[in-house]
Amino acid sequence: MAFTRATGKHRGPSRMARRSVGFAGAATLATTGVIGTLASPALAADTEPRSAEDTGLTKVITEDSLVDRLNAQAAAQEREAFEAAAKAKAQAEAERKAEARAKEIRAEKERAAREAERRRLASFQLPVAGTYVSTGYQTGGSLWSSGSHSGIDFHAAYGSSVVSVGSGTVVEAGWGGAYGNNIVIRMNDGTFTQYGHLASVGVHVGQTVEPGQRIGVSGSTGNSTGPHLHFEARSTAEYGSDINPVAYLRARGVDV
């Protein structure tokens, strides 16, 4: 009986066939990524991640970090410079406002001082401090050549200071006959005031005087019965143009 060789699917693969199949399978697994778990130690070591130094990443990271720090420093410096400039500007503005306010205050004080001086120069006062009227205006009697008193007499002890009742210019200073030593002042408002029976005269013609400025000393010269101050208010510098001295002073704010 003759024997036949077995063929077909029941025949086992040869050694070469098995090796070929092994290589083909490895290639397939490598393609799918499975081979990484089965690779040889040499192959596995070759596939391990390399260090940052090996790849050059350290240098890149270091440079990036330095750039970030420099940018941060530049931004901080810029912010500081901006804040310093803003602070300097605010300080300069504050100083400007303070100087402007100080200038306004000085101007206000100067205006107030000028106004106070203007009011002072325009003011009137009694010719003798703490005095009172001892003889009234137009009092009649033989003591006066005209038959009546052309002014008023203020009580004044001998040597009392006599002052100008307001601002004006001296138009007469010296002996005045029955008035004795006398002074006539043209006031700034155009009226005239006269001061008689003085012991001495302390001003001269043409001199300007202010309210309260001393012009002489009270006495009893001329037609007088004792120390006192004869005071007249006039519309001109001449005798006979007298006006009521009490009304004159009261109209100018003086308490008589």
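Residues numbered from 1 in each chain as written. Predicted model: local features only at pLDDT ≥ 70, side-chain atom pairs only at ≥ 80, totals over all residues. Heavy atoms only, no water.

Asker: Sorry if this is basic, but what is going on with the overall build of the chain here?
Answerer: Tallying secondary structure elements over the chain gives 5 helices and 10 strands in all. Here the chain holds 256 residues, and 25% of them are scored as buried. The contacts of the chain with a sequence gap of at least 6 include a subset with a gap of at least 24, amounting to 58%. If you sum the accessible surface of the chain, you get close to 16900 Å²; carbon and sulfur atoms cover 56% of it. (Helix = DSSP H or I, 4+ residues; strand = E, 2+ residues; numbered from the N terminus. Buried < 20%, exposed > 50% of the residue type's maximum accessible area, 1.4 Å probe, protein only. Contact = heavy atoms within 4.5 Å. Areas by Shrake-Rupley, 256 points an atom, 1.4 Å probe, with all protein chains shown as cover.)

Asker: Please clarify how the pattern of salt bridges should be interpreted in this entry.
Answerer: A pair can form between side chains of opposite charge whenever their charged atoms are brought close. Per the counting criterion, the structure on display carries 10 salt bridges. The closest approach of N and O atoms between Arg 118 and Glu 115, which form a salt bridge, is 2.6 Å. Taken together, the residues Arg 118 and Glu 115, both in helix H4 (residues 57-122) and 3 residues apart, mark about one turn of the helix. Residue classification places Glu 115 among the partly exposed positions, given a relative accessible area of 30%. The salt bridge involving Glu 117 is made with Arg 120; its shortest N-O contact spans 2.9 Å. Here the residue Glu 117 and the residue Arg 120 both occupy positions in helix H4, the gap between them amounting to 3 residues, near one helical turn. (Salt bridge = Lys/Arg side-chain N within 4 Å of Asp/Glu carboxyl O.)

Asker: Would you take a moment to explain the nonpolar core for this structure?
Answerer: Ile 183, Ile 185, Tyr 195 and Ile 215 are the most contacted members of the largest nonpolar core, which has 24 residues in total. Every element with two or more residues in this core is listed here: strand E2 (152-154), strand E5 (181-187), strand E6 (192-201), strand E9 (229-234) and helix H5 (245-251). Those residues in contact with Ile 215, other than ones at most four positions away along the chain, are Val 162, Val 163, Ser 164, Ile 183, Ile 185, Tyr 195, Val 201, Gly 202, Val 203 and Val 209. (Core = buried A, V, L, I, M, F, W, Y, C linked by side-chain atoms within 4.5 Å.)

Asker: It is not clear to me how the packing of aromatic side chains should be interpreted in this structure. Could you clarify?
Answerer: Any aromatic ring pair is given by two values, namely how distant the centres are and how the planes are angled relative to each other. Counted by the stated rule, this structure contains 4 aromatic pairs. Ring plane angle 55 degrees and centroid distance 6.1 Å describe the contact between Phe 154 and Phe 231, whose orientation is recorded as tilted. Residue Phe 154 is found in strand E2, and its partner Phe 231 is found in strand E9; the two are separated by 77 residues along the sequence. Each member of the pair Phe 154 and Phe 231 is classed as buried. Taking NZ or CZ as reference, Arg 252 lies 5.5 Å from the ring centre of Phe 124, over its face. For the cation-ring pair, Arg 252 lies above Tyr 248, with the distance from its terminal atom to the ring centre recorded as 3.8 Å. (Phe/Tyr/Trp six-rings, centres within 6.5 Å; stacked < 30°, edge-to-face > 60°. Lys NZ or Arg CZ within 6 Å of the ring centre and 35° of its normal.)

Asker: What should I look at first to understand unusual backbone geometry in this one?
Answerer: Across the chain, the bulk of peptide bonds are trans and the bulk of non-glycine residues have phi less than zero. We note that Gln 138 has phi near 65 degrees; this positive angle belongs to a residue other than glycine. Position of Gln 138 among the secondary structure elements: in the loop between strand E1 (133-135) and E2. Despite not being glycine, His 197 has its phi angle at roughly 65 degrees, a positive value. By the secondary structure assignment, His 197 is in strand E6.

Asker: What am I meant to see in the pairing of strand E8 (residues 214-218) here?
Answerer: Where a strand is regular, its side chains alternate between the two sheet faces. Of all 5 residues making up E8, 4 are buried, and the element is well covered by its neighbours. Both strand E3 (residues 161-163) and E8 contribute to a ladder of 3 bridges, which runs antiparallel. Within the sheet, the bridge partner assigned to Ser 161 lies in E8 and is Val 217. Bridge analysis of E6 against E8 gives 3 bridges, and the strand direction is antiparallel. Its bridge partner lying in E8, Ser 200 is registered against Val 217. (Pairing = 2+ DSSP bridges.)

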